[in-house]
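Single-letter residue listing:
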Amino acid sequence: MNKSPRFVSVPGPVIVGAGPSGLAVAACLRQKRVVSMVLERSSCIASLWQLKTYDRLRLHLPKQFCELPLMGFPGEFPTYPTKQQFIHYLESYAQKFEIGPRFNETVTHAEYDKVTGFWRVKTVGKKLEETVYKCRWLVVATGENAEAVVPEIDGMGEFGGDIKHTSYYKSGEEFKGKKVLVVGCGNSGMEVCLDLCDHNAKPSLVVRHTLHVLPREMLGKSTFELSIWLLKWLPLRLVDRFLLIVSRLILGDTARLGLDRPDKGPLELKNLSGKTPVLDVGTLAKIKSGDIKICPGIKKLKRHTVEFIEGKTENFDAIILATGYKSNVPSWLKERDMFSEIDGFPRRPFPNGWKGECGLYAVGFTKRGILGASMDAKRIAEDIERSCTV
Ligand SMILES: Cc1cc2nc3c(=O)[nH]c(=O)nc-3n(C[C@H](O)[C@H](O)[C@H](O)COP(=O)(O)OP(=O)(O)OC[C@H]3O[C@@H](n4cnc5c(N)ncnc54)[C@H](O)[C@@H]3O)c2cc1C
């Protein structure tokens, strides 16, 4: 039976997504006495962190770069908080700013009605019940990592072993003694390989492109912090050159391990393409020792066998796809000026992508992690406060 939707008029902004970005906007608004409504498709806040990340995960960046506005981390947290600590922090944050999202509501359609001057945001609940929210401001906080990217590999159906995306990978425990092929060499792929080694599995890593691997710390400081500090005094290319020289001294020549570096430096590449350098947490030592093997791209899969592009074949028990995530905005937001329908990111580059027309905002699409989201959140709350008073 198809019931007609419920209609709800929201006096304040509607925020789609209860991850760190959505929580940050709701908190900044609350501080300005603007009450918002947060809609979340899953059953908890920060679902990416709670449901889709591996057990050993810690923040990749030092804690001072991952705080949300208005509330710091507890002093006793380590430099790189564990995922459990980070989740605990986010829960306290939601509690402090009295953010109570409407859970299990997936936004499937949002459109601006020019006649009434309001956004109509449609959600579908667990029992397929529909609700239409009417609001003046719409904040998109669904994240850069809303949907897993799963590549089509020839013969996937024939392989027979476990094939899973990293969003379903929890620990190497279940792969003890098994040969596992990890596809994708970003921070997640590298760390999953290390975790597999630590659980006595035998990982191999598919590397198809050039990449920058940097030590997580240099000269007693985090590489991230040091880079930001150096950029205050030196041009980007010089900082890149410095990072590469120190990396070579600490890590050696990564090309000799099968990890060729791109022509452009790590910071230049991040600025141009958003590609984040890998911060090494011990994986490189395992590649050097031969515990992790480097493989070329996959041509096709057969029963428990992988054929690589240069013709070699090898047997594997399982494949982990560390192939990343994508935005899902084009699937539900019926608006094409602010967001690109190709990648689901704001068209205007950082720091100008946070504001669109007719009360539409984006938070957390800067490719600059939680630091970027916090900057967006403050700007959005200030702008909404201003437009409340006109
Ligand atoms: C493994 C890993 C490690 C990372 N480590 C760091 C780090 O150390 N430091 C850092 O700064 N960043 C890190 N990041 C980046 C990280 O994703 C972000 O910083 C942070 O989670 C982004 O928050 P967000 O709220 O923008 O997106 P998310 O955390 O993805 O939250 C978006 C929310 O929107 C919900 N949603 C999506 N679509 C809909 C819909 N249609 N309707 C309703 N709800 C919807 C989702 O369920 C989700 O809860 C890491 C990412 C990953 C994957």
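This one's a predicted model, so the numbers in the text were calculated from it and none came from an experiment. (Residues numbered from 1 in each chain as written. Predicted model: local features only at pLDDT ≥ 70, side-chain atom pairs only at ≥ 80, totals over all residues.)

**Student:** Is there a simple way to think about the overall build of the protein in this case?
**Tutor:** Looking only at helices and strands, the protein has ten helices and 22 strands in total. The C-alpha atoms of the protein give a radius of gyration of 22 Å, which matches the 21 Å a tight globule of 390 residues would have. For the protein, the residues scored as buried account for 37% of the 390 residues in total. (Helix = DSSP H or I, 4+ residues; strand = E, 2+ residues; numbered from the N terminus. Rg over C-alpha atoms; globule rule 2.2 N^0.38 Å. Buried ≥ 20, exposed ≤ 12 C-beta atoms within 10 Å, placed from the backbone.)

**Student:** For this particular structure, what's the right way to read the site of the ligand?
**Tutor:** Looking at the ligand, there are 35 residues lining it, with Gly17, Gly19, Gly143, Gly364 and Gly369 nearest. Of all the secondary-structure elements, those providing two or more residues to the shell around the ligand are α1 (20-31), α2 (47-51), β4 (106-113) and α10 (369-388). Looking at which element gives the most residues to the shell around the ligand, the answer is α10, with four residues. The residue makeup of the shell around the ligand, split by class, is 17 nonpolar, 16 polar and two charged. (Near = placed C-beta within 6 Å. Nonpolar A, V, L, I, M, F, W, Y, C, P; charged D, E, K, R; others polar.)

**Student:** Help me understand the nonpolar core, please; the structure alone is not making it clear to me.
**Tutor:** One finds Leu23, Val25, Leu138, Val139 and Val363 to be the most contacted residues of the largest nonpolar core, which totals 54 residues. The element contributing the most residues to this core is α1, with seven residues. If we skip the residues at most four places from it in the chain, Leu138 touches Val14, Ala110, Trp119, Val121, Gly359 and Leu360. In terms of nonpolar packing, the next biggest core, distinct from the first, is built from 38 residues, Met190, Val192, Val239 and Ile287 among them. (Core = buried A, V, L, I, M, F, W, Y, C linked by C-beta atoms within 7 Å. Contact = placed C-beta atoms within 7 Å.)

**Student:** Where do I start with the sheet that holds strand β22 (residues 360-362) in this structure?
**Tutor:** Adjacent strands of a sheet form backbone hydrogen bonds with each other and so pair up, either parallel or antiparallel. With parallel pairing, the four strands of this open sheet are ordered in space as β3-β2-β7-β22. Sheet topology places β3 (37-39) and β22 at the edges, where each strand pairs with a single neighbour. Averaged over all pairs of adjacent strands, the angle between their axes in this sheet comes to 20°, without regard to strand direction. Relative to strand β7 (residues 138-140), strand β2 (residues 14-16) runs parallel, the two sharing three bridges. Bridge pairing in β7 places Val14 opposite Leu138. (Pairing = 2+ DSSP bridges. Axes fitted to C-alpha atoms, helices over the stretch in contact; angles between N-to-C directions.)

**Student:** Explanation requested: the pairing of β4 in the structure shown.
**Tutor:** For a regular strand, the rule is simple: side chains alternate between the two faces of the sheet. Here β4 pairs with strand β5 (residues 118-124) via seven bridges, running antiparallel. Note on β5: the bridge partner recorded for Tyr112 is Trp119.

**Student:** How should the sheet that holds strand β18 (residues 305-308) be read in this particular structure?
**Tutor:** On the basis of which strands lie adjacent, the open sheet formed by three strands has the order β17-β18-β19 and antiparallel pairing. Lying at the two open borders of the sheet, with one neighbouring strand each, are β17 (298-302) and β19 (313-315). Mean inter-strand twist for the sheet, computed between neighbouring axes without regard to direction, equals 25°. The sheet contact formed by β18 and β19 spans three bridges and is antiparallel. In the strand pairing of β19, Glu307 is matched with Thr313.

**Student:** What is the right way to read unusual backbone geometry from this model?
**Tutor:** For residues that are not glycine, phi is negative in most cases, and the peptide bond is trans in most cases. Cis rather than trans, the peptide bond between Phe350 and Pro351 has omega equal to 5°. Tracing the sequence through the fold places Pro351 in the loop between α9 (329-332) and β22. Positive phi outside glycine occurs at Lys367, with the angle close to 60°. Secondary-structure assignment places Lys367 in the loop between β22 and α10. The class for Lys367 is partly exposed, based on 17 C-beta atoms found within 10 Å.

**Student:** Help me understand the packing of helix α6 (residues 236-251) against helix α7 (residues 266-273) in this model?
**Tutor:** Describing two packed helices takes the angle between their axes plus the distance from one axis to the other. Contact geometry for α6 and α7: axes closest at 7 Å, N-to-C directions at 125°. Comparing their axes, α7 and α6 come out oblique. Residues Leu236, Arg237, Val239, Asp240 and Leu243 of α6 touch α7, and the partners they reach there are Pro266, Leu267 and Glu268. Along the lines of polarity and charge, the residues of the contact of α6 with α7 split into five nonpolar, no polar and three charged. (Parallel < 35°, antiparallel > 145°, perpendicular 65-115°, else oblique.)

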